[in-house]
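Listed here are the chains, written in short residue letters.
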Amino acid sequence: METADIYIKHFPAEVQEILARIRTIIFEEVPEAEEKISYAMPGYFLNKKPLVYFASYKNHIGLYATPTGHEAFKKELSAYKQGKGSVQFPLNSEIPYELIRRIIKFRKQELKK
């Protein structure tokens with residue numbers, strides 16, 4: 001069974017650093033999150049509900065905070081390519097870690113209701 005550690009190790013060192021930092025942010029904000037591989041990517045759950053997922057691709061990191069997490073940060077995320085419930089952070093640009101942190105905090109509050 002694949003774990004998030006194994007998933008992250010599939011990528012080049014510089015991408016591993018980005019993925020590991022996102023993972024660290026998730027656990028800093030939601031230490032009680034349950035981590036598992038879901039949809040072939042690391043997924044994090046709170047109260048058995050999806051909190052956030054992330055994945056790496058050739059040219060970007062995908063963050064999946066369900067539609068509500070993206071809707072709440074629509075203005076800040078407008079600079080990035082998006083799909084329903086997803087956003088792409090290009091690997092050739094600065095990763096917006098503090099924005100990711102704020103999205104995770106938002107999702108945590110949302111799931112605690």
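Owing to the predicted nature of the structure, the values given are computational and were not obtained by experimental measurement.

Enquirer: It is not clear to me how the overall build of the chain should be interpreted in this structure. Could you clarify?
Expert: Looking only at helices and strands, the chain features 5 helices and 6 strands. Taking 113 residues into account, the globule formula puts the C-alpha radius of gyration at 13 Å, and the chain, at 13 Å, falls close to it. When each of the 113 residues of the chain is scored for burial, the buried share is 46%. Looking at the chain alone, contacts between residues at least 24 apart form 50% of all its contacts between residues at least 6 apart. Surface exposure of the chain reaches about 6600 Å², of which carbon and sulfur atoms provide 52%.

Enquirer: Please explain the pairing of strand E6 (residues 86-90) as it appears in this structure.
Expert: Taken residue by residue, a regular strand's side chains alternate between the two faces of the sheet. Both strand E4 (residues 60-64) and E6 contribute to a ladder of 4 bridges, which runs antiparallel. Residue pairing in the sheet places His60 in a bridge with Pro90 of E6. Summarising the sheet, strand E5 (residues 81-83) and E6 pair through 3 bridges and their orientation is antiparallel. Residue pairing in the sheet places Gln82 in a bridge with Val87 of E6. Connecting the antiparallel pair E5 and E6 is a turn made up of 2 residues, with Gly85 showing a positive phi of about 75°.

Enquirer: Quick question: what am I supposed to make of the pairing of strand E2 (residues 41-46) here?
Expert: Here E2 lies mainly inside the structure; 6 of its 6 residues are buried. Relative to E2, strand E1 (residues 34-38) is paired through 5 bridges, and the arrangement is antiparallel. Bridge pairing links Ile37 to Pro42 in E2. Connecting the antiparallel pair E1 and E2 is a turn made up of 2 residues, with Tyr39 showing a positive phi of about 55°. As paired strands, E2 and strand E3 (residues 49-56) are joined by 4 bridges and run antiparallel to one another. Looking at the pairing, Tyr44 lines up with Val52 of E3. Here E2 folds back onto E3 in antiparallel fashion, the turn holding 2 residues, of which Asn47 has a positive phi close to 55°.

Criteria and thresholds
- Residues numbered from 1 in each chain as written.
- Predicted model: local features only at pLDDT ≥ 70, side-chain atom pairs only at ≥ 80, totals over all residues.
- Heavy atoms only, no water.
- Helix = DSSP H or I, 4+ residues; strand = E, 2+ residues; numbered from the N terminus.
- Rg over C-alpha atoms; globule rule 2.2 N^0.38 Å.
- Buried < 20%, exposed > 50% of the residue type's maximum accessible area, 1.4 Å probe, protein only.
- Contact = heavy atoms within 4.5 Å.
- Areas by Shrake-Rupley, 256 points an atom, 1.4 Å probe, with all protein chains shown as cover.
- Pairing = 2+ DSSP bridges.

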